[in-house]
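Each chain is listed here by its residues.
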Amino acid sequence: MQVFNTHGAHQHTNVIHHHCSGKENRRVHRRMASCTTTKLRAATASDAETSSSRSGAPSTSFLRPHLLKLAPYTPIEPFEVLSQRFGRKPEDIIKLDANENPYGPPEEVRRALAEMPFPHVYPDPETRRLRGALAAMNDIPMEHLLVGCGADELIDLLMRCVLEPGDAILDCPPTFTMYAFDADVNNARTITIPRLEGFKVDIEGIRQAVAEHKPKAVFLTSPNNPDGSVMSEEEVRAVLELPVLVVLDEAYIEFSSEPSKIKWVQQYDNLVVLRTFSKSAALAGLRVGYGAFPLGMVEYLWRAKQPYNVSVAAEVAGCAALSNVEYMHNVRELLVSERENMMAQLKAIPYLEPYPSHANFILAKVVGRDAKDVKDKLAKEHGIMVRHYAKKELSGYVRISVGKPEHTSAIINALKAMA
Ligand SMILES: Cc1ncc(COP(=O)(O)O)c(C=O)c1O
């Protein structure tokens, strides 16, 4: 099975699909990946040439075998590359494909970065200043908090600490693809519990799969990427009652009216809540994310993490962003109101069916025409980047990040011109 993660890389996953609809209506099958990627074949061939004069063993033979099943890394293309390809200045490209925040961080962040006193000294391995500020903001003791190089790093760190090779995680696709990706990297199995109508999490399916497969962790995302739906308090509690570690990814929670469950980690020993500065705080480029963990667990994550995982710049930027909470609130309000504006206008496009969203993006079903073609035309003819998915279940959809009002006008005009 080939899936694309949000960073543009795609990979083959060891997936067990666990479809549970009601009683015993279950279909479970496992698809193992085969190592047929061009990049790997090329690497093996060139190694063979050089290795014959030395040990005779290709360099790939030193790798853990399961890693050879990963598909080649395909980096997401930066502004400069897109700019050349589409013959437009970088500032003329409208980037609505990665749920970044176009308002950027408050002025305090640029100032603090410019005045950073000790860039030549290693950062604080415990990110004490930032954790202190986060603890105050979230009203939770800082001992529960660990900061990472984005929430992405924390997903990987957690899996490295929790999973033995062959262990399983539960994934509820369509969702953020890094869970399945990191499970693959850690040689774990991914058991999928596909979402129900309206992208609702299949709680009964999760319950049955926990009983049957005994996964180590279940990954829940609220609001969910790519559709923006949220889980209710009762739904999250129902999963927390199960004998499994629940990782609740709240990367987009600031755009929703649902309160964060971050303080719940004080009551539940099987809950981890992930948050990020990439979206509402507009620091995606500086890579700052954080997690709240049960106290018993976090001690061991400290032992396993890279000591300098958060750079001086990242911590300085995070602290400066938190020093102007009002700015962040205002930006969030602007994006939420723009989301509703964009939603109303997308509904009027005859070939689009947008889904209600609690995040800073909208997923729309493309009806009666090819979604990839819509994405390509927006990029080539209008310099507007949106997200399209190669994965079969989502190939008929596009996801559009919420930008500034002028970005909405540009994409709506482009979509109308294509009608
Ligand atoms: C649901 C979800 N979780 C986590 C992340 C990663 O966040 P970070 O930029 O902090 O690594 C993303 C990024 O798009 C996301 O969509």
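Computed from a predicted structure; not experimentally measured.

Caption draft 1: Representation of the overall build of the protein. Secondary structure summary: the protein contains 13 helices and 16 strands in total. In the protein, which comprises 419 residues, the share counted as buried stands at 53%.

Caption draft 2: How the structure looks around the environment of Gly289. Here Gly289 is to be found in strand β12 (residues 289–292). Through-space distance from the C-alpha of Gly289 to that of Leu154 is 7.7 Å; in sequence the pair is 135 residues apart. If we skip the residues at most four places from it in the chain, Gly289 touches Leu146, Val147, Gly148, Gly150, Ala151, Leu154, Arg275, Thr276 and Phe277.

Caption draft 3: Molecular detail of the environment of Tyr290. Position of Tyr290 among the secondary structure elements: in strand β12. Judged by its relative accessible area of 2%, Tyr290 is buried. Here the side chain of Tyr290 touches Asn138 through a polar contact of 3.3 Å, side chain to side chain.

Caption draft 4: Broad picture of the nonpolar core. Among the nonpolar cores identified, the biggest contains 47 residues, and Ile206, Leu220, Leu271 and Phe277 are the most heavily contacted of them. At six residues, helix α10 (residues 312–322) tops the list of elements feeding residues into this core. When sequence neighbours within four positions are dropped, the list of residues in contact with Leu220 reads Cys172, Val201, Ile206, Met231, Val239, Val246, Val247, Leu248 and Asp249. Listed in part, the 31 residues of the second largest apolar core include Tyr351, Val366, Ile384 and Ile412.

Caption draft 5: How the structure looks around the confidence of the model for the protein. Taken as a whole, the protein shows an average pLDDT of 89; of its residues, 87% reach a score of 70 or greater. Here residues 19–50 is modelled with pLDDT under 50, and outside its nearest four sequence neighbours on either side it reaches 53 contacts, counting other chains as well.

Caption draft 6: Here's a closer look at the pairing of strand β15 (residues 384–388). Within β15, five of the five residues are buried, which leaves it mostly tucked inside the rest of the structure. Burial along β15 is two-sided: the residues Ile384, Val386 and His388 and Met385 and Arg387 are all buried. Summarising the sheet, strand β5 (residues 94–96) and β15 pair through three bridges and their orientation is parallel. Opposite Leu96, over in β15, you have Val386 as the bridge partner. Bridge count between β15 and strand β16 (residues 397–401): two bridges; the pairing is antiparallel. Looking across to β16, one finds that His388 is bridged to Val398.

Caption draft 7: Expanded view of the packing of aromatic side chains. Throughout the structure, instances matching the rule amount to nine aromatic pairs. Ring geometry for Phe199 and Tyr397: centres 6.5 Å apart, planes at 70 degrees, overall edge-to-face. Taken together, the residues span a long stretch of sequence, with Phe199 in the loop between β8 (189–192) and α7 (203–213) and Tyr397 in strand β16 at a distance of 198 residues. Joined through ring pairs, the aromatic side chains of Phe176, Tyr179 and Phe219 make up one cluster.

Caption draft 8: Here's a closer look at the sheet that holds strand β13 (residues 352–354). Spatially, the five strands line up as an open sheet ordered β5-β15-β16-β14-β13, and their pairing is mixed. Two strands bound the open sheet, and with one partner strand each, they are β5 and β13. Direction aside, the axes of adjacent strands within the sheet are offset by 35 degrees on average.

Caption draft 9: Here's a closer look at the site of the ligand. Around the ligand lies a shell of 13 residues, among which Ala151, Asp249, Tyr252, Thr276 and Ser278 are the nearest. Asp249 is positioned such that a nitrogen or oxygen atom in its side chain is 2.6 Å from a nitrogen atom of the ligand. Within the side chain of Arg287, a nitrogen or oxygen atom sits 2.7 Å from an oxygen atom of the ligand. The leading source of residues in the shell around the ligand is helix α5 (residues 150–162), at three residues. Per-class residue counts for the shell around the ligand are four nonpolar, five polar and four charged.

Caption draft 10: How the structure looks around the side chain of His407. By secondary structure assignment, the location of His407 is in helix α13 (residues 405–417). Every residue in contact with His407, bar those within four places of it in the chain, is listed here: Ile94, Leu96 and Pro102.

Caption draft 11: The pattern of salt bridges, seen in detail. Taken as a whole and assessed by the stated rule, the structure comprises 19 salt bridges. Here Arg85 makes a salt bridge to Glu77, at a shortest N to O gap of 2.6 Å. Each of Lys95, Asp97 and Glu100 takes part in a single network of salt bridges with overlapping partners.

Caption draft 12: Fine view of unusual backbone geometry. Pro173 connects to Pro174 through a cis peptide bond whose omega is 0 degrees. Positionally, Pro174 belongs in the loop between β7 (168–171) and α6 (178–185). Backbone torsion omega between Ser222 and Pro223 reads -5 degrees, so that peptide bond is classified as cis. Residue Asn99 is not a glycine yet carries a positive backbone phi of 55 degrees.

Caption draft 13: Expanded view of the packing of helix α4 (residues 128–138) against α10. Remark: α4 packs on α10, axes separated minimally by 9 Å, with the N-to-C direction vectors making an angle of 30 degrees. When the interaxial angle is binned, α4 and α10 end up roughly parallel. Pair α4 / α10 crosses with left-handed handedness. Contacts between α4 and α10 involve Arg128, Arg129, Leu130, Ala133, Leu134 and Met137 from the former and Glu315, Gly318, Cys319 and Leu322 from the latter.

Caption draft 14: Spotlight on a nonpolar patch on the surface. On the surface, a cluster of nonpolar side chains totalling about 470 Å² of accessible area is made up of Phe118, Val121, Tyr122 and Tyr308. Tracing the backbone shows Val121 in the loop between α3 (107–114) and α4.

Caption draft 15: Summary view of α7. Every buried residue belonging to α7 is among Ile203, Gly205, Ile206, Gln208, Ala209, Val210 and His213, and all of these are buried. Count one or two residues on from α7 and you reach Lys214, which has phi positive near 45 degrees.

Quick notes on the rules
Residues numbered from 1 in each chain as written. Predicted model: local features only at pLDDT ≥ 70, side-chain atom pairs only at ≥ 80, totals over all residues. Heavy atoms only, no water. Helix = DSSP H or I, 4+ residues; strand = E, 2+ residues; numbered from the N terminus. Buried < 20%, exposed > 50% of the residue type's maximum accessible area, 1.4 Å probe, protein only. Contact = heavy atoms within 4.5 Å. Polar contact = N/O pair within 3.5 Å; in protein donor to acceptor, adjacent residues only side chain to side chain. Core = buried A, V, L, I, M, F, W, Y, C linked by side-chain atoms within 4.5 Å. pLDDT = per-residue confidence, 0-100. Pairing = 2+ DSSP bridges. Phe/Tyr/Trp six-rings, centres within 6.5 Å; stacked < 30°, edge-to-face > 60°. Axes fitted to C-alpha atoms, helices over the stretch in contact; angles between N-to-C directions. Near = heavy atom within 4 Å. Nonpolar A, V, L, I, M, F, W, Y, C, P; charged D, E, K, R; others polar. Salt bridge = Lys/Arg side-chain N within 4 Å of Asp/Glu carboxyl O. Parallel < 35°, antiparallel > 145°, perpendicular 65-115°, else oblique. Left-handed = near helix turned anticlockwise from the far one by under 90°. Patch = residues over 30% accessible without salt bridge, like charges linked within 9 Å, V, L, I, M, F, W, Y side chains within 5 Å. Areas by Shrake-Rupley, 256 points an atom, 1.4 Å probe, with all protein chains shown as cover.

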